Amino acid sequence: MTSLLTRFKYQIQADLHEFFDKKESKNPIAMLNQYIREAEKQTEQTGKLLTRQVELKNKLERELKEATAMLEKRSTQLALAIDANEADLIAFAKQEVEVYTVRQSTLQASIETTKVQVFELESKYETMKHKIKDMKVRQLQLMGKENVIRAHHKMDHVIESNNETSFEDLSAYIDHLSTKIDNKYEVTMLESRLAQLEKKNSVPNTEVVTTSEVI
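Positions within a chain are numbered from 1, following the residues in the order the chain's sequence is written. Reporting of local features is limited, given that this is a predicted model, to residues whose pLDDT is at least 70; pairs of side-chain atoms are given and counted only at 80 or more, and all residues count toward the totals for whole chains, interfaces and linings. Only hydrogens and water are set aside when side-chain values are computed; all heavy atoms of the structure are taken into account.

This next bit is on the overall build of the protein. Helical segments are the DSSP runs of H or I of at least four residues, strand segments are the runs of E of at least two, and each set is numbered from the N terminus. What the protein contains, in helices and strands, is five helices and zero strands. For each residue, the accessible area found with a 1.4 Å probe, counting protein chains only, is set against the maximum for its type, and the residue is called buried under 20%, exposed over 50%, and partly exposed in between. Counting the 215 residues in the protein, one finds 21% classified as buried. Methods summary: accessible areas were calculated by the Shrake-Rupley approach with a probe of 1.4 Å, and residue burial reflects only the protein chains presented. Per element, the accessible surface of the protein, about 17,000 Å² overall, is 56% carbon and sulfur.

Below, the structure is given as structure tokens:
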């Protein structure tokens, strides 16, 4: 049990340090994901061991309660046998009292040891869960850095590229379209004014009456 607890105590922390020291890693996020899965599996196993140890402690406590009850019962019966001067009952009751006294003492010692073990397992179990949480935070940090690097790479490619999709070409194309639209608008406005002027001058003057028409 001691070696198991010691291994659980140092394993995740040592492995985590070793993991981040591997400079040759080509895909650190993928490796971190794999390590988190393995750490979660180890933590789950530790949780099962903790649950089993708690169950063992509960069983020992039930055995202690039963042994204590039987010790009290046999002690009372021994007193009655002594008062009745029943030699065979006295001998049996004494033997029973001795057995349950030893059993009670053994169980009490085992329970105290088990309580310490349960506490150690609980502490290490919580530590392992915190380690995993820290690794997941680290995972998010790495993902954020990777995302920023990729975004900068794509933006730099667009900004610095000399192909048809570069910002300079797009800007020039937009300026060209803007100029065409402005020119077309000016031509349209001039044509409209000319048409209005033409229409105004072509209207006949019906108010003019000649002398021949009067006669």
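That was the structure; now back to the text.
Looking at the element boundaries, Gln139 is found in helix H3 (residues 87-160). Accessibility expressed as a relative area gives 18% for Gln139, which makes it buried. Any two residues having at least one pair of non-hydrogen atoms within 4.5 Å are treated as being in contact. Setting aside chain neighbours within four positions, we find Gln139 in contact with Leu32, Asn33 and Ile36.

What follows concerns unusual backbone geometry. Of note in the backbone geometry, Asn85 takes a positive phi value of approximately 60° without being a glycine. By secondary structure assignment, the location of Asn85 is in the loop between helix H2 (28-84) and H3. Residue class for Asn85 comes out exposed when judged on its relative accessible area of 65%.

The predictor reports its confidence for every residue as pLDDT, a score running from 0 up to 100. The predicted model of the protein has a mean per-residue pLDDT of 79, with 71% of residues at 70 or higher. Per-element confidence in the protein is highest for H2, whose mean pLDDT is 91, and lowest for helix H5 (residues 211-214), whose mean pLDDT is 45. Across residues 208-215 the pLDDT falls below 50, and counting only partners more than four positions away or on other chains, this stretch makes one contact in the model.

Counting 12 residues, the largest nonpolar core consists of Leu64, Ala67, Met70, Leu71, Leu78, Ala81, Ile90, Ala93, Val97, Tyr100, Leu107 and Ile111. At the level of secondary structure, the elements contributing two or more residues to this core comprise H2 and H3. Excluding residues that lie within four positions of it along the chain, Ile111 makes contacts with Leu60, Glu61 and Leu64. Only buried Ala, Val, Leu, Ile, Met, Phe, Trp, Tyr and Cys residues count toward a nonpolar core, and they belong to the same one when joined by side-chain atoms within 4.5 Å.

Here we take up the environment of Ile90. Relative to the helices and strands, Ile90 is located in helix H3. In this structure, the C-alpha to C-alpha distance between Ile90 and Gln77, residues 13 residues apart in sequence, is 8.4 Å.

Now for the environment of Leu64. Topologically, Leu64 is positioned in helix H2. Counting along the chain gives 41 residues from Leu64 to Ser105, while the straight-line C-alpha distance between them is 8.8 Å. If we ignore the near neighbours within four places in the chain, the residues touching Leu64 are Gln104, Leu107, Gln108 and Ile111.

All right, on to the pattern of salt bridges then. Any carboxyl oxygen of Asp or Glu within 4 Å of a side-chain nitrogen of Lys or Arg constitutes a salt bridge here. Scanning the model with the defined rule gives five salt bridges in all. For Lys115, the salt bridge identified is with Glu112, shortest N-O distance 4.0 Å. Note that Lys115 and Glu112 are positioned in helix H3 at a spacing of three residues, about one turn of the helix. Given the relative accessible area of 40%, Lys115 is considered partly exposed.

In this scheme, a helix's expected span is set at 1.5 Å multiplied by one less than its residue total. Between its terminal C-alpha atoms H2 stretches 83 Å, which fits the 84 Å expected from 57 residues at 1.5 Å a residue. Following H2 by one or two positions, Asn85 adopts a phi angle in the positive range, close to 60°.

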